[in-house]
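Remarks on the overall topology
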Amino acid sequence: MKNIFKTVNTPISHRTVFIIWMICLLAHVSFNVLAQNPAITFTKEGEKQNAFISEQTKTQLLACQGTLNYPKSVERFYKEKGYKLVWVEKQNHNRQLAPAMMILDCVSQFGLNRQDFHAAELVYQKVNILSKEPDILGGGQRAIFDVLMTDAMITFMNHLHYGKFNNVLTPSRIDDGGYGDFNAEARLLQLMESMDFYNEIAAVQPLSKEYDDLQKYMHLVRGQYLEDSYEFPEESVKKMTINMERLRWLSASQTPSLIINIPAFTAKMKLADAVYIFKIIVGKPSSPTSIFESKLAALTAVPDRSVTAKMFIGEVLPGAIKNPGYLDNNHYAIYDTKGRFVEITAKKLLEIKRLPKGFYARQSEACGNTMGKILFRLAEASDIYLHDMPLPKLARLPQRALSNGCIQIDQAEKLAGLLLIQDGSPKVRSLLHTAIASDKTTDFILNRSVPIKITYLTCEMIDSQLVIYKDIYNQDRALEMAMYGYERLLASDKKIKAISFKGIR
């Protein structure tokens, strides 16, 4: 070292040489330390240097694993972006970050819970700092904010599209990737270049009219009524929130389709240009109708099997007189000679015994004692049958949870005709009527199967009014507890009871 410095014309002291050597050594050590523990530094203008961004993001992804709702989805998002921060970029503050924060402010208008979206960390105070004084926040803080915001937006889209409490497409299954009809992280990658972030991210909601009507009313209630101190029943808000969640579990809306709502006792046949509503009978609380999705694949005219007169008089009638449950247990129904279904009582059975030739019996394959004139067959085998309502006067009852689990449809011939017309087989409809008139069992296979959805919605919008139905199977409470929390519901119940008691006094 000494010989080298002697060649320099300007004399340098030993102390100066030592200082220069120490500076070089410290610089070398510092570089190695930073390489192992990268941190984001800033220029005087507050702009981050790019050298260590990717490693810092990876570090925070690992640190936040237990905090994120969709950690695998977030990881895939940043991998696609080269692990660069996206929300804290200066050019994104107004274009993407501002509408993202606006969305978090109004998630309740979508029937969602703000606490599911990192409410304590994603606050406007940090946004203001990122915008005006970015160098106040350290590199780790910036990366954490960025990762949590990405998770919040992926969570928002998944909860909005699939629901949070979906038993089939659960959050963990969605996070694994490859399931469902929608990919949140892929959509977010596209939205980072969008000029209309708010509206485009909200467009991932279900497309059904039932959901759209409830969401618009929820937006009005949360955004106007409650904000402006209008009185609106808290229980009604909960009903709307619960049923919006249920609607998210359904597959995409299609036409034609048959939508059955158990609590409303209705079936809606949706065609491209019209909606037809049919009254139905569903299962009793002791034998509830299942909730599922399938497809209508065929129709059967006159599905019940005729019983010979000899068998009717010698076996069916004595069995029914001896045992009140005989007809139901063996799926028998009794008709008069005009083909009208007969309601059976002990007195009626004795009358039939006196004049047996004026009556006859039919036996169905399952589900109670008769399927009537038409059976609607599903693509997959099911314990639930969809068939004609043999006793039309039951359609006039306000509460129609009366069956052993199967669904009876009023005006089944009309529904069958609509199915055949939309299937491109209008001429076949006359063959259906002929088969029924001649009491001949005949199958009609649909060229295109029709989606059928058996739902459980305890409220819906009808003519701009919120209509609430009786929760006949008591399913709302469990979902309400999952969405709102047990303790919060107890406090809410006490408040409602206190108000009611005060009103009574």
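As annotated in an unreviewed UniProt entry, the protein carries the name L,D-transpeptidase family protein and is attributed to Pedobacter lithocola. Its UniProt record gives the protein a comment under Sequence similarities (unreviewed entry), which states: "Belongs to the YkuD family." Check the Pathway (unreviewed entry) section of the UniProt entry for the protein; it says "Cell wall biogenesis; peptidoglycan biosynthesis."

Time to look at the side chain of Glu460. Of note, Glu460 is situated in strand E13 (residues 459-462). Given a relative accessible area of 8%, Glu460 falls into the buried group. At 3.2 Å, the side chain of Glu460 forms a polar contact with the side chain of Lys268. Sequence-distant contacts of Glu460, that is, excluding residues within four places in its chain, are made with Leu214, Asn261, Ala264, Lys268, Gln465, Leu466, Val467 and Tyr469.

Sheet analysis places E13 next to strand E14 (residues 465-468), joined by four bridges and oriented antiparallel. Looking across to E14, one finds that Met461 is bridged to Leu466. Linkage of E13 to E14, two consecutive antiparallel strands, is achieved through a turn of two residues, within which Asp463 is found at a positive phi near 55°.

Turning our attention to the nonpolar core. Counting residues in each nonpolar core, the largest one holds 61 residues, and the members touching the most others are Trp87, Met149, Met153 and Phe156. Leu378, Leu386, Phe444 and Tyr456 belong to the second-largest nonpolar core, a separate cluster that totals 40 residues.

To continue, consider the side chain of Asp146. Among the secondary structure elements, Asp146 is positioned in helix H7 (residues 139-161). For Asp146, the contacting residues outside a window of four places in its chain are Tyr78, Leu85, Val86, Trp87 and Val88.

Helix-helix packing is described using two parameters, namely the angle between the two axes and the distance between the axes. The N-to-C vectors of helix H4 (residues 71-80) and helix H9 (residues 184-191) enclose an angle of 40°; their axes lie 9 Å apart at closest approach. Considered as vectors, H4 and H9 are oriented oblique to each other. The element H4 and its partner H9 pack so that their crossing is right-handed. Here Ser73, Arg76, Phe77 and Glu80 of H4 lie close against H9, whose contacting residues are Glu185, Leu188 and Leu189.

Rules behind the numbers
Here the residue numbering is sequential within each chain, running from 1 through the sequence in written order. It should be noted that, the model being predicted, local features are given only for residues of pLDDT at least 70 and side-chain atom pairs only at 80 or more, the latter also being counted only at that level, while totals for whole chains, interfaces and linings use all residues. Just so you know, side-chain values use all the structure's heavy atoms and leave hydrogens and water out. UniProt positions are given in the numbering used here, feature names are shortened, and annotations may be inferred rather than shown by experiment. Strands here mean DSSP runs of E at least two residues long; helices mean DSSP runs of H or I at least four residues long; both are numbered from the N terminus. Throughout this description, buried means an accessible area under 20% of the type-specific maximum (1.4 Å probe, protein chains only), exposed means over 50%, and partly exposed covers the range between. We define a polar contact as two N or O atoms separated by no more than 3.5 Å, with the added condition that, inside protein, one atom must be a possible hydrogen donor and the other a possible acceptor, whereas residues neighbouring each other in sequence contribute only through side-chain atom pairs. It only takes one pair of heavy atoms within 4.5 Å for two residues to be counted as in contact. Pairs of strands are assigned from DSSP output, requiring at least two bridges between the strands. Buried Ala, Val, Leu, Ile, Met, Phe, Trp, Tyr and Cys residues that are joined via side-chain atoms within 4.5 Å together make up what is termed a nonpolar core. Between N-to-C directions, angles span 0 to 180 degrees; the directions come from axes that are lines fitted to C-alpha atoms, helices contributing only their stretch in contact. Under this scheme an angle from 65 to 115 degrees is roughly perpendicular, one under 35 degrees roughly parallel, and one over 145 degrees roughly antiparallel; angles in between are oblique. For a crossing to be left-handed, the near helix must be turned anticlockwise from the far one by less than a right angle; the clockwise case is right-handed.

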